[in-house]
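# Structure at a glance
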Amino acid sequence: MANEIVRQILRFLFLVAVQGLILKNVEPGPLINPFLYVLFLIQLPFETPPWLVLIISFVLGFCVDLFYGTVGMHMAACTFIGFLRPKILSSMAPRDGYEFGSTPTIQGMGRAWFFTFSFIVILTHHFILFYLEVFSFREFFSTFLRVIVSLVSTGLLVVVSQFLFYRTKQKI
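Quick caveat, the model's predicted, so the values are computed rather than measured.

Our focus in this paragraph is the overall build of the protein chain. Along its length, the protein chain carries 7 helices and 0 strands. Reported as C-alpha extents along the three principal axes, the dimensions of the protein chain are approximately 55 × 30 × 30 Å. Residue burial in the protein chain is summarised as follows: out of 172 residues, 42% are buried. Residue pairs at least 24 apart in sequence account for 72% of intrachain contacts in the protein chain once pairs closer than 6 positions are excluded. Accessible area for the protein chain stands at about 10100 Å²; split by element, carbon and sulfur atoms hold 71% of it. Between the mean site of the 12 positive side-chain charges and the mean site of the 8 negative ones, the protein chain shows a separation of 6 Å.

Next comes the structure, spelled out in structure tokens:
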């Protein structure tokens, strides 16, 4: 249990540092904004209590807001994801429920499940974040294009990180 907590803290710090120190300074295009830090919320263990997910989401968004100099935008988007996460997981739960001690990864849950779950989380996060940033529906379609393009770039980073950091368990 203590090892898992230390691992989660290190993953939190790593993803916030990558987001704040590297991805913030990389501009592949005017519409592309990859937010890899959302992976932390995606991969929280299934048993994480909803109240703790909300607190973690709030702190994660606050840390990213410190790097970006935004006032609560990432915090609001992350907290909303933390609120929705248990509902999304329960709607996507297998018939027998989730295995105790498992985390949402491609290798653990399968590609289709992971892509669907990640897609919902990232799309919701980006939608909230970018529309809070614009704070208007006047530029609805240009902002929506930005949401979709950033969804694709973040999704690619999430999938690549899954294949880099999580090895497939070979059955003997």
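Next, the rest of the story.
For the rest of this paragraph, the subject is the packing of helix α1 (residues 2–23) against helix α3 (residues 50–68). Two elements in contact, α1 and α3, have axes separated by 9 Å at closest approach and are oriented at 25°. In terms of orientation, α1 lies roughly parallel with respect to α3. Note that α1 runs across α3; the crossing there is right-handed. Residues Phe-12, Val-16, Gln-19, Gly-20, Leu-21 and Leu-23 of α1 form the contact with α3, whose participating residues are Val-59, Leu-60, Cys-63, Val-64, Phe-67 and Tyr-68. When grouped by side-chain class, the residues that make up the contact of α1 with α3 number 10 nonpolar, 2 polar and no charged.

Below, the discussion takes up the pattern of salt bridges. All told, the structure shown has 2 salt bridges when counted by the stated rule. The partner of Arg-7 in a salt bridge is Glu-4, with the nearest N and O atoms 2.8 Å apart. Here Glu-4 and Arg-7 lie together in helix α1, a separation of 3 residues that amounts to about one turn. With a relative accessible area of 41%, Arg-7 lands in the partly exposed category. For Glu-4, a relative accessible area of 25% gives the class partly exposed. A salt bridge links Glu-133 to Arg-146; the shortest N-O distance between them is 2.9 Å. Here Glu-133, found in helix α6 (residues 111–134), pairs with Arg-146, found in helix α7 (residues 140–165); they are 13 residues apart in sequence, far enough to count as distant.

It is worth spelling out the packing of aromatic side chains at this point. Per the stated rule, a full pass over the model turns up 10 aromatic pairs. The interplanar angle of 50° and the centroid separation of 4.6 Å between the aromatic rings of Phe-127 and Tyr-131 together place this pair among those described as tilted. One end of the pair, Phe-127, and the other, Tyr-131, are both in helix α6, 4 residues apart, so they sit about a helical turn from each other. We classify Phe-127 as partly exposed; its relative accessible area is 29%. Looking at Lys-87, its charged tip hangs above the ring of Phe-83, at a distance of 4.3 Å from the centre.

Let's shift gears to the nonpolar core. Judged by nonpolar contacts, the single largest core of 40 residues is most densely connected at Phe-40, Leu-60 and Phe-117. For this core, the leading source of residues is α6, giving 8 residues.

As a further point, take unusual backbone geometry. The backbone of Phe-135 shows a phi angle near 50°, a positive value even though the residue is not glycine. As for its position among the elements, Phe-135 is in the loop between α6 and α7.

To continue, consider the packing of α6 against α7. In the contact formed by α6 and α7, the axes pass within 8 Å of each other and the chain directions differ by 140°. The angle between α6 and α7 places the two elements in the oblique class. Viewed along their axes, α6 and α7 form a crossing whose handedness is right-handed. Each residue belonging to the contact of α6 with α7 can be placed in one class, and the counts come to 17 nonpolar, 7 polar and 3 charged.

Cut-offs used in this document
- Within any chain, residue numbers begin from 1 and follow the written order of that chain's sequence.
- Local features in a predicted model are, by the rule used here, given only for residues with pLDDT of at least 70; side-chain atom pairs are given and counted only at 80 or more, and totals for whole chains, interfaces and linings are based on all residues.
- Side-chain calculation: all heavy atoms of the structure are included, whereas hydrogens and water are not.
- Helix and strand assignments follow DSSP, with helices taken as H or I runs no shorter than four residues and strands as E runs no shorter than two, numbered in order from the N terminus.
- Each residue is assigned to one of three classes by its accessible area relative to the maximum for its type, calculated with a 1.4 Å probe on protein chains only: buried under 20%, partly exposed between the two thresholds, exposed over 50%.
- The criterion used for residue contact is that any of the two residues' heavy atoms lie within 4.5 Å.
- Using a 1.4 Å probe, the Shrake-Rupley method yields the accessible areas, and only the shown protein chains count as cover for residues.
- When charges are tallied, Lys and Arg are placed among the positive residues and Asp and Glu among the negative ones, while His and the ends of the chain are skipped.
- Charged side chains are reduced to one point each, which is NZ for Lys, CZ for Arg, CG for Asp and CD for Glu.
- Each axis is a line fitted through C-alpha atoms, and for a helix only the stretch in contact is used; angles between axes span 0 to 180 degrees, taken between their N-to-C directions.
- The scheme is simple: roughly parallel for angles under 35 degrees, roughly antiparallel for over 145, roughly perpendicular for 65 to 115, oblique for anything else.
- Crossing handedness is defined as follows: a turn of the near helix away from the far one that is anticlockwise and smaller than a right angle gives a left-handed crossing, while the clockwise case is right-handed.
- By the convention adopted, Pro, Cys, Tyr, Trp, Phe, Met, Ile, Leu, Val and Ala count as nonpolar, Lys, Arg, Asp and Glu as charged, and the other residues, Gly among them, as polar.
- Salt bridges are identified by distance alone: a Lys or Arg side-chain nitrogen within 4 Å of an Asp or Glu carboxyl oxygen.
- Ring pairs are drawn from Phe, Tyr and Trp, using the six-membered ring of Trp, whenever the two centres fall within 6.5 Å, and their geometry is named by plane angle: stacked under 30 degrees, edge-to-face over 60, tilted for the rest.
- Two conditions define a charge located above a ring, namely a distance within 6 Å from the ring centre to NZ of Lys or CZ of Arg, and an angle within 35 degrees of the ring normal.
- Note on terminology: a nonpolar core comprises buried Ala, Val, Leu, Ile, Met, Phe, Trp, Tyr and Cys residues joined through side-chain atoms within 4.5 Å.

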